[in-house]
Amino acid sequence: TSAVTIIDPFQNYLDALKACFDFDQLRKFGSSGFSILFDGMHGAGGKFAQRVLVEELGLPESSLMRSNPLPDFGNCHPDPNLTYASELVKKMGLTSDGSADSSIDASTLPMLGAANDGDGDRNLIAGAGFFVTPSDSMALICDNYEAIPQFAASGLNGVARSMPSSAALDVVAEARNIPCFVTPTGWKFFGNLMSSKESFDGKDYTPFVCGEESFGTGSDHVREKDGLWAVLAWMSILSKANEGVSEGEALVGVKEIVEKHWGRYGRHFYCRYDYEGVDSDAANQVMDSIRDNLVNGDASTVASGDENIKFVDAVEFSYTDPVDGSETSKQGLILNFELGPSGDPARVVFRLSGTGSAGATIRMYLEQFEKDTSKHGISAPVALKDLADEALRLVQMEKTTGREAPTVIT
(Lines give C-alpha, C1' and ligand atoms only; values in the text may rest on other atoms or scores of the structure.)
Protein backbone atom coordinates (compact mmCIF):
# COMPACT_ATOMS: atom_id res chain seq x y z
CA THR A 1 0.00 0.00 0.00
CA SER A 2 1.03 3.59 -0.56
CA ALA A 3 0.37 6.64 1.57
CA VAL A 4 -0.56 9.98 0.05
CA THR A 5 0.50 13.03 2.03
CA ILE A 6 -1.52 16.19 1.53
CA ILE A 7 0.52 19.38 1.82
CA ASP A 8 -0.37 23.05 1.75
CA PRO A 9 1.99 24.57 -0.84
CA PHE A 10 0.87 28.06 0.05
CA GLN A 11 1.95 27.73 3.68
CA ASN A 12 5.21 25.98 2.82
CA TYR A 13 6.08 28.69 0.31
CA LEU A 14 5.02 31.46 2.68
CA ASP A 15 7.28 30.02 5.38
CA ALA A 16 10.20 30.04 2.92
CA LEU A 17 9.57 33.68 2.01
CA LYS A 18 9.20 34.73 5.65
CA ALA A 19 12.64 33.26 6.28
CA CYS A 20 13.99 35.61 3.58
CA PHE A 21 12.11 38.87 4.18
CA ASP A 22 10.85 41.03 7.02
CA PHE A 23 7.09 40.83 6.47
CA ASP A 24 6.36 43.27 9.29
CA GLN A 25 8.56 45.91 7.69
CA LEU A 26 7.12 45.25 4.22
CA ARG A 27 3.60 45.51 5.63
CA LYS A 28 4.50 48.85 7.22
CA PHE A 29 6.06 50.11 3.98
CA GLY A 30 3.01 48.94 2.05
CA SER A 31 0.82 51.26 4.11
CA SER A 32 3.09 54.31 3.81
CA GLY A 33 2.52 55.35 0.22
CA PHE A 34 3.96 52.34 -1.61
CA SER A 35 1.90 50.88 -4.45
CA ILE A 36 2.36 47.94 -6.77
CA LEU A 37 0.69 46.47 -9.85
CA PHE A 38 1.29 42.74 -10.19
CA ASP A 39 0.40 40.88 -13.39
CA GLY A 40 -0.11 37.17 -12.80
CA MET A 41 -0.62 36.57 -16.55
CA HIS A 42 -3.35 34.06 -15.62
CA GLY A 43 -0.63 31.68 -14.47
CA ALA A 44 0.01 29.65 -11.34
CA GLY A 45 1.72 32.53 -9.53
CA GLY A 46 -1.42 34.63 -9.28
CA LYS A 47 -2.87 32.78 -6.30
CA PHE A 48 0.44 32.96 -4.47
CA ALA A 49 0.59 36.70 -5.12
CA GLN A 50 -2.92 37.00 -3.68
CA ARG A 51 -1.83 35.18 -0.55
CA VAL A 52 1.43 37.09 -0.09
CA LEU A 53 0.75 40.61 -1.34
CA VAL A 54 -2.89 41.00 -0.34
CA GLU A 55 -3.57 38.65 2.56
CA GLU A 56 -0.16 38.85 4.26
CA LEU A 57 1.10 42.34 3.37
CA GLY A 58 -2.28 44.05 3.34
CA LEU A 59 -2.02 45.55 -0.13
CA PRO A 60 -5.32 46.24 -1.90
CA GLU A 61 -6.91 43.79 -4.33
CA SER A 62 -6.44 46.44 -7.02
CA SER A 63 -2.71 45.67 -6.80
CA LEU A 64 -3.38 42.48 -8.79
CA MET A 65 -4.30 41.98 -12.43
CA ARG A 66 -4.83 38.73 -14.34
CA SER A 67 -4.10 36.81 -11.14
CA ASN A 68 -6.79 34.17 -11.63
CA PRO A 69 -5.14 31.06 -13.16
CA LEU A 70 -6.71 29.89 -16.42
CA PRO A 71 -5.97 26.69 -18.38
CA ASP A 72 -5.27 28.68 -21.56
CA PHE A 73 -3.74 31.68 -19.75
CA GLY A 74 -6.60 33.80 -21.02
CA ASN A 75 -5.58 33.05 -24.61
CA CYS A 76 -2.33 34.95 -23.97
CA HIS A 77 1.33 33.95 -23.95
CA PRO A 78 2.42 33.99 -20.25
CA ASP A 79 5.93 35.29 -20.82
CA PRO A 80 6.86 38.27 -18.59
CA ASN A 81 8.58 40.53 -21.08
CA LEU A 82 7.86 43.82 -22.83
CA THR A 83 6.06 42.08 -25.69
CA TYR A 84 3.73 39.68 -23.88
CA ALA A 85 3.17 41.70 -20.70
CA SER A 86 2.11 44.65 -22.86
CA GLU A 87 -0.92 45.56 -20.72
CA LEU A 88 1.21 45.88 -17.57
CA VAL A 89 3.90 47.71 -19.56
CA LYS A 90 1.35 50.28 -20.70
CA LYS A 91 -0.11 50.69 -17.21
CA MET A 92 3.41 51.39 -15.91
CA GLY A 93 3.80 54.28 -18.34
CA LEU A 94 6.10 52.48 -20.75
CA THR A 95 6.21 52.07 -24.51
CA SER A 96 6.78 48.73 -26.21
CA ASP A 97 10.57 49.18 -26.23
CA GLY A 98 10.72 49.86 -22.48
CA SER A 99 11.20 53.61 -22.70
CA ALA A 100 8.96 56.04 -20.80
CA ASP A 101 5.76 57.27 -22.40
CA SER A 102 6.27 61.03 -22.22
CA SER A 103 2.52 61.68 -22.37
CA ILE A 104 1.95 60.06 -18.96
CA ASP A 105 2.62 61.69 -15.58
CA ALA A 106 4.82 59.18 -13.72
CA SER A 107 3.57 60.46 -10.35
CA THR A 108 0.15 58.92 -11.10
CA LEU A 109 1.58 55.44 -11.67
CA PRO A 110 2.23 52.53 -9.29
CA MET A 111 5.64 52.65 -7.64
CA LEU A 112 6.49 49.08 -8.62
CA GLY A 113 5.25 46.96 -11.50
CA ALA A 114 5.87 43.22 -11.70
CA ALA A 115 4.80 40.15 -13.67
CA ASN A 116 5.14 36.39 -13.32
CA ASP A 117 5.12 33.80 -16.07
CA GLY A 118 2.85 30.76 -16.40
CA ASP A 119 4.42 28.73 -13.60
CA GLY A 120 5.42 31.71 -11.48
CA ASP A 121 9.19 31.28 -11.56
CA ARG A 122 10.17 34.20 -13.81
CA ASN A 123 9.63 37.91 -13.30
CA LEU A 124 9.47 41.33 -14.92
CA ILE A 125 10.35 44.40 -12.84
CA ALA A 126 9.44 48.00 -13.66
CA GLY A 127 9.10 51.31 -11.91
CA ALA A 128 6.86 54.24 -12.80
CA GLY A 129 7.82 54.92 -16.41
CA PHE A 130 10.99 52.87 -15.98
CA PHE A 131 11.82 49.33 -17.15
CA VAL A 132 14.49 47.30 -15.35
CA THR A 133 16.27 44.69 -17.46
CA PRO A 134 16.70 41.27 -15.80
CA SER A 135 20.48 41.72 -15.87
CA ASP A 136 20.23 45.10 -14.12
CA SER A 137 17.75 43.64 -11.64
CA MET A 138 20.26 40.96 -10.63
CA ALA A 139 23.01 43.56 -10.26
CA LEU A 140 20.79 45.82 -8.13
CA ILE A 141 19.77 42.95 -5.84
CA CYS A 142 23.44 42.06 -5.40
CA ASP A 143 24.47 45.64 -4.68
CA ASN A 144 21.60 46.16 -2.23
CA TYR A 145 21.76 42.82 -0.46
CA GLU A 146 21.84 44.55 2.93
CA ALA A 147 18.18 45.49 2.37
CA ILE A 148 17.20 41.81 2.23
CA PRO A 149 17.23 40.04 5.62
CA GLN A 150 18.14 36.73 3.95
CA PHE A 151 21.55 38.22 3.13
CA ALA A 152 21.95 41.13 5.55
CA ALA A 153 23.56 39.20 8.41
CA SER A 154 26.23 37.22 6.56
CA GLY A 155 26.37 38.86 3.14
CA LEU A 156 26.57 37.02 -0.17
CA ASN A 157 29.08 34.21 -0.67
CA GLY A 158 28.46 33.88 -4.39
CA VAL A 159 26.57 35.18 -7.40
CA ALA A 160 26.18 33.82 -10.91
CA ARG A 161 24.66 34.68 -14.26
CA SER A 162 24.18 32.88 -17.53
CA MET A 163 26.73 33.85 -20.17
CA PRO A 164 24.26 35.72 -22.44
CA SER A 165 23.19 37.94 -19.50
CA SER A 166 24.96 41.29 -19.25
CA ALA A 167 28.11 41.88 -17.20
CA ALA A 168 26.30 44.35 -14.92
CA LEU A 169 26.43 41.71 -12.17
CA ASP A 170 30.16 41.12 -12.63
CA VAL A 171 31.00 44.79 -12.04
CA VAL A 172 29.10 44.87 -8.75
CA ALA A 173 30.51 41.54 -7.58
CA GLU A 174 34.06 42.72 -8.23
CA ALA A 175 33.48 45.95 -6.31
CA ARG A 176 31.85 44.03 -3.45
CA ASN A 177 34.48 41.25 -3.45
CA ILE A 178 31.85 38.56 -4.05
CA PRO A 179 32.77 35.42 -6.07
CA CYS A 180 31.01 35.67 -9.45
CA PHE A 181 30.45 32.88 -11.97
CA VAL A 182 29.45 32.99 -15.62
CA THR A 183 27.74 29.75 -16.62
CA PRO A 184 26.04 28.25 -19.66
CA THR A 185 22.29 28.80 -19.90
CA GLY A 186 20.47 26.35 -17.63
CA TRP A 187 19.60 26.39 -13.95
CA LYS A 188 21.46 23.13 -13.25
CA PHE A 189 24.76 25.02 -13.40
CA PHE A 190 23.57 27.35 -10.64
CA GLY A 191 22.37 24.33 -8.70
CA ASN A 192 25.85 22.83 -8.63
CA LEU A 193 27.28 26.05 -7.22
CA MET A 194 24.61 26.22 -4.53
CA SER A 195 25.22 22.55 -3.63
CA SER A 196 29.01 22.83 -3.65
CA LYS A 197 29.48 22.27 0.07
CA GLU A 198 26.71 19.83 0.96
CA SER A 199 26.91 17.61 -2.13
CA PHE A 200 30.55 17.89 -3.17
CA ASP A 201 32.29 18.83 0.11
CA GLY A 202 33.56 21.97 -1.59
CA LYS A 203 33.41 25.68 -0.87
CA ASP A 204 30.14 27.09 0.44
CA TYR A 205 28.79 29.71 -1.98
CA THR A 206 25.55 30.29 -0.08
CA PRO A 207 23.90 32.72 0.53
CA PHE A 208 23.71 32.94 -3.25
CA VAL A 209 21.93 35.00 -5.93
CA CYS A 210 21.70 34.00 -9.57
CA GLY A 211 19.75 34.67 -12.72
CA GLU A 212 19.37 34.69 -16.47
CA GLU A 213 18.58 37.39 -19.01
CA SER A 214 15.35 35.53 -19.81
CA PHE A 215 13.67 37.10 -16.75
CA GLY A 216 14.69 34.44 -14.25
CA THR A 217 16.04 35.41 -10.81
CA GLY A 218 16.55 33.25 -7.76
CA SER A 219 18.56 32.39 -4.68
CA ASP A 220 19.41 29.41 -2.50
CA HIS A 221 16.11 29.65 -0.58
CA VAL A 222 14.48 27.21 -3.05
CA ARG A 223 17.39 26.81 -5.50
CA GLU A 224 15.23 27.72 -8.46
CA LYS A 225 13.91 30.77 -10.23
CA ASP A 226 11.27 32.46 -8.09
CA GLY A 227 9.27 35.34 -9.49
CA LEU A 228 7.58 36.43 -6.27
CA TRP A 229 10.88 36.28 -4.38
CA ALA A 230 12.29 38.82 -6.86
CA VAL A 231 9.27 41.07 -6.33
CA LEU A 232 9.73 41.03 -2.54
CA ALA A 233 13.47 41.63 -2.99
CA TRP A 234 12.65 44.81 -4.91
CA MET A 235 10.02 45.83 -2.38
CA SER A 236 12.68 45.41 0.32
CA ILE A 237 15.17 47.53 -1.64
CA LEU A 238 12.56 50.26 -2.03
CA SER A 239 11.67 50.08 1.66
CA LYS A 240 15.34 50.46 2.65
CA ALA A 241 15.84 53.37 0.21
CA ASN A 242 12.93 55.21 1.80
CA GLU A 243 14.07 54.95 5.40
CA GLY A 244 14.13 58.43 6.83
CA VAL A 245 11.79 59.91 4.21
CA SER A 246 9.37 62.14 6.08
CA GLU A 247 5.62 61.86 5.72
CA GLY A 248 4.48 63.95 2.78
CA GLU A 249 7.84 63.77 1.01
CA ALA A 250 8.09 62.05 -2.36
CA LEU A 251 9.23 58.44 -2.05
CA VAL A 252 12.41 57.24 -3.71
CA GLY A 253 11.36 55.15 -6.71
CA VAL A 254 12.80 52.43 -8.90
CA LYS A 255 14.06 54.97 -11.45
CA GLU A 256 16.07 56.91 -8.86
CA ILE A 257 17.60 53.74 -7.42
CA VAL A 258 18.66 52.37 -10.82
CA GLU A 259 20.00 55.68 -12.11
CA LYS A 260 22.09 56.12 -8.95
CA HIS A 261 23.43 52.60 -9.53
CA TRP A 262 24.34 53.44 -13.14
CA GLY A 263 26.05 56.61 -11.96
CA ARG A 264 28.35 54.52 -9.80
CA TYR A 265 28.94 51.46 -11.98
CA GLY A 266 28.06 52.59 -15.51
CA ARG A 267 25.15 51.31 -17.61
CA HIS A 268 25.17 48.07 -19.55
CA PHE A 269 22.73 48.68 -22.40
CA TYR A 270 21.15 45.35 -23.25
CA CYS A 271 18.50 43.71 -25.42
CA ARG A 272 17.84 40.48 -27.30
CA TYR A 273 16.73 39.86 -30.87
CA ASP A 274 14.92 36.57 -31.55
CA TYR A 275 14.66 35.25 -35.10
CA GLU A 276 12.06 32.49 -34.75
CA GLY A 277 11.14 29.74 -37.20
CA VAL A 278 14.30 30.14 -39.29
CA ASP A 279 15.05 27.33 -41.74
CA SER A 280 17.32 24.93 -39.82
CA ASP A 281 19.91 24.68 -42.58
CA ALA A 282 20.10 28.47 -42.89
CA ALA A 283 20.37 28.87 -39.11
CA ASN A 284 23.23 26.40 -38.93
CA GLN A 285 24.88 28.16 -41.85
CA VAL A 286 24.86 31.44 -39.90
CA MET A 287 26.52 29.79 -36.90
CA ASP A 288 29.06 27.90 -38.99
CA SER A 289 29.97 31.07 -40.84
CA ILE A 290 30.65 32.87 -37.55
CA ARG A 291 32.88 30.02 -36.40
CA ASP A 292 34.81 29.80 -39.67
CA ASN A 293 35.21 33.50 -40.43
CA LEU A 294 35.24 35.20 -37.03
CA VAL A 295 36.10 32.70 -34.27
CA ASN A 296 38.74 30.82 -36.26
CA GLY A 297 39.56 33.67 -38.66
CA ASP A 298 42.01 36.56 -38.44
CA ALA A 299 40.37 39.51 -36.68
CA SER A 300 42.75 41.96 -38.35
CA THR A 301 41.30 41.11 -41.76
CA VAL A 302 37.67 41.82 -40.76
CA ALA A 303 36.57 45.05 -42.41
CA SER A 304 34.49 47.44 -40.31
CA GLY A 305 31.24 48.84 -41.61
CA ASP A 306 31.15 51.52 -38.89
CA GLU A 307 34.23 53.52 -37.93
CA ASN A 308 32.99 53.80 -34.35
CA ILE A 309 32.60 50.04 -33.88
CA LYS A 310 35.83 48.04 -34.06
CA PHE A 311 35.67 44.24 -34.18
CA VAL A 312 38.18 42.86 -31.67
CA ASP A 313 37.75 39.10 -31.70
CA ALA A 314 35.27 36.23 -31.44
CA VAL A 315 35.22 33.21 -29.15
CA GLU A 316 33.01 30.18 -28.58
CA PHE A 317 31.96 29.92 -24.96
CA SER A 318 32.76 26.76 -23.03
CA TYR A 319 32.53 26.10 -19.31
CA THR A 320 34.41 23.98 -16.82
CA ASP A 321 32.27 23.53 -13.72
CA PRO A 322 34.29 24.64 -10.69
CA VAL A 323 32.35 22.25 -8.48
CA ASP A 324 32.40 18.88 -10.25
CA GLY A 325 34.90 19.56 -13.04
CA SER A 326 32.48 18.69 -15.85
CA GLU A 327 32.97 20.45 -19.17
CA THR A 328 30.29 21.99 -21.38
CA SER A 329 31.18 23.23 -24.86
CA LYS A 330 29.57 25.11 -27.76
CA GLN A 331 27.43 27.33 -25.54
CA GLY A 332 27.35 30.43 -27.71
CA LEU A 333 29.42 32.54 -30.09
CA ILE A 334 30.66 35.84 -28.66
CA LEU A 335 31.71 38.75 -30.87
CA ASN A 336 33.70 41.39 -28.96
CA PHE A 337 33.88 45.02 -30.07
CA GLU A 338 35.48 48.29 -28.99
CA LEU A 339 33.53 51.50 -29.33
CA GLY A 340 35.13 54.74 -30.45
CA PRO A 341 36.17 57.19 -29.29
CA SER A 342 35.54 56.09 -25.67
CA GLY A 343 37.08 52.64 -26.06
CA ASP A 344 34.19 51.14 -24.07
CA PRO A 345 33.56 47.42 -24.61
CA ALA A 346 30.58 45.90 -26.39
CA ARG A 347 29.67 42.38 -27.38
CA VAL A 348 27.14 40.44 -29.39
CA VAL A 349 26.28 36.82 -28.57
CA PHE A 350 24.68 34.37 -31.00
CA ARG A 351 22.97 31.20 -29.80
CA LEU A 352 20.86 28.66 -31.61
CA SER A 353 17.91 26.78 -30.13
CA GLY A 354 15.06 24.59 -31.26
CA THR A 355 16.65 23.15 -34.36
CA GLY A 356 14.40 20.59 -36.02
CA SER A 357 11.69 20.10 -38.62
CA ALA A 358 9.80 23.21 -37.41
CA GLY A 359 12.84 25.41 -37.87
CA ALA A 360 15.18 27.07 -35.43
CA THR A 361 15.44 30.21 -33.33
CA ILE A 362 18.55 32.36 -33.65
CA ARG A 363 19.03 34.56 -30.59
CA MET A 364 21.25 37.62 -30.80
CA TYR A 365 22.14 39.27 -27.47
CA LEU A 366 23.45 42.83 -27.57
CA GLU A 367 25.42 44.49 -24.78
CA GLN A 368 27.19 47.83 -24.72
CA PHE A 369 28.83 49.49 -21.73
CA GLU A 370 28.41 53.22 -21.22
CA LYS A 371 30.06 55.17 -18.40
CA ASP A 372 28.88 58.63 -19.55
CA THR A 373 25.87 59.46 -17.35
CA SER A 374 24.57 61.96 -19.92
CA LYS A 375 23.84 59.00 -22.21
CA HIS A 376 22.22 56.70 -19.65
CA GLY A 377 18.69 57.92 -20.46
CA ILE A 378 18.74 56.67 -24.06
CA SER A 379 16.43 53.71 -24.67
CA ALA A 380 18.33 50.44 -25.09
CA PRO A 381 17.09 49.64 -28.63
CA VAL A 382 18.19 53.08 -29.81
CA ALA A 383 21.56 52.91 -28.04
CA LEU A 384 22.23 49.44 -29.46
CA LYS A 385 20.98 49.90 -33.03
CA ASP A 386 24.37 50.68 -34.60
CA LEU A 387 25.94 47.69 -32.82
CA ALA A 388 23.08 45.47 -33.99
CA ASP A 389 23.42 46.67 -37.59
CA GLU A 390 27.17 46.02 -37.59
CA ALA A 391 26.79 42.53 -36.12
CA LEU A 392 24.04 41.59 -38.56
CA ARG A 393 26.20 42.84 -41.43
CA LEU A 394 29.18 40.79 -40.27
CA VAL A 395 27.21 37.54 -39.99
CA GLN A 396 25.14 38.24 -43.15
CA MET A 397 21.89 37.47 -41.35
CA GLU A 398 19.49 38.80 -44.01
CA LYS A 399 21.41 37.28 -46.92
CA THR A 400 21.58 33.85 -45.28
CA THR A 401 18.16 33.61 -43.64
CA GLY A 402 16.05 36.02 -45.69
CA ARG A 403 15.00 37.76 -42.46
CA GLU A 404 14.95 41.55 -42.61
CA ALA A 405 14.03 41.96 -38.94
CA PRO A 406 13.76 39.89 -35.76
CA THR A 407 10.47 38.29 -34.71
CA VAL A 408 10.71 39.68 -31.17
CA ILE A 409 12.94 42.22 -29.42
CA THR A 410 13.10 42.02 -25.62
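Computed from a prediction, not measured in an experiment: that's the story for all the values here. (Residues numbered from 1 in each chain as written. Predicted model: local features only at pLDDT ≥ 70, side-chain atom pairs only at ≥ 80, totals over all residues. Heavy atoms only, no water.)

> Would you explain unusual backbone geometry in this entry?
Apart from glycine, the bulk of residues carry a negative phi angle, and the bulk of peptide bonds sit in the trans form. In this model, Thr-206 is joined to Pro-207 through a cis peptide bond whose omega is 0 degrees. With respect to the secondary-structure elements, Pro-207 resides in the loop between α9 (196-200) and β8 (208-212). Of the consecutive residues Gly-340 and Pro-341, the connecting peptide bond is found in the cis state with omega at -5 degrees. Phi at Met-41 is positive, roughly 55 degrees, even though this residue is not glycine. Mapped onto the secondary structure, Met-41 falls in the loop between β1 (36-39) and α3 (45-56). (Helix = DSSP H or I, 4+ residues; strand = E, 2+ residues; numbered from the N terminus.)

> Would you explain the pattern of salt bridges in this entry?
As a working rule, side chains carrying opposite charge can pair if their charged atoms are close by. One pass over the structure, following the stated rule, counts 23 salt bridges. As a salt-bridge pair, Lys-225 and Asp-121 come within 3.7 Å of each other at their nearest N and O atoms. Of this pair, Lys-225 sits in strand β10 (residues 224-225) while Asp-121 sits in the loop between β3 (112-116) and β4 (123-127), placing them 104 residues apart in sequence. Judged on exposure class, the residue Lys-225 and its partner Asp-121 are both buried. Where Arg-347 meets Glu-367, a salt bridge forms, and the shortest distance between an N and an O atom there is 2.9 Å. Of this pair, Arg-347 sits in strand β16 (residues 345-353) while Glu-367 sits in strand β17 (residues 360-370); the two residues are 20 residues apart in sequence, bridging distant segments of the chain. For Arg-347, a relative accessible area of 11% translates into the label buried. Owing to a relative accessible area of 6%, Glu-367 belongs among the buried residues under this scheme. Each of Asp-143, Glu-146, Arg-176 and Arg-264 takes part in one network of salt bridges that share partners. (Salt bridge = Lys/Arg side-chain N within 4 Å of Asp/Glu carboxyl O. Buried < 20%, exposed > 50% of the residue type's maximum accessible area, 1.4 Å probe, protein only.)

> Mind showing me how you'd approach the pairing of β17 here?
Walk down a regular strand and you will see the side chains alternate between the two sheet faces. Counting buried residues along β17, 10 of its 11 residues qualify, which places the element largely inside the surrounding structure. Examined bridge by bridge, strand β11 (residues 267-278) and β17 share 10 bridges and lie antiparallel to one another. Counterpart to His-268 in the pairing with β17 is Phe-369. Taken together, the eight bridges between β16 and β17 define a ladder with antiparallel strand orientation. Pairing of Leu-352 across the sheet is with Ile-362, part of β17. (Pairing = 2+ DSSP bridges.)

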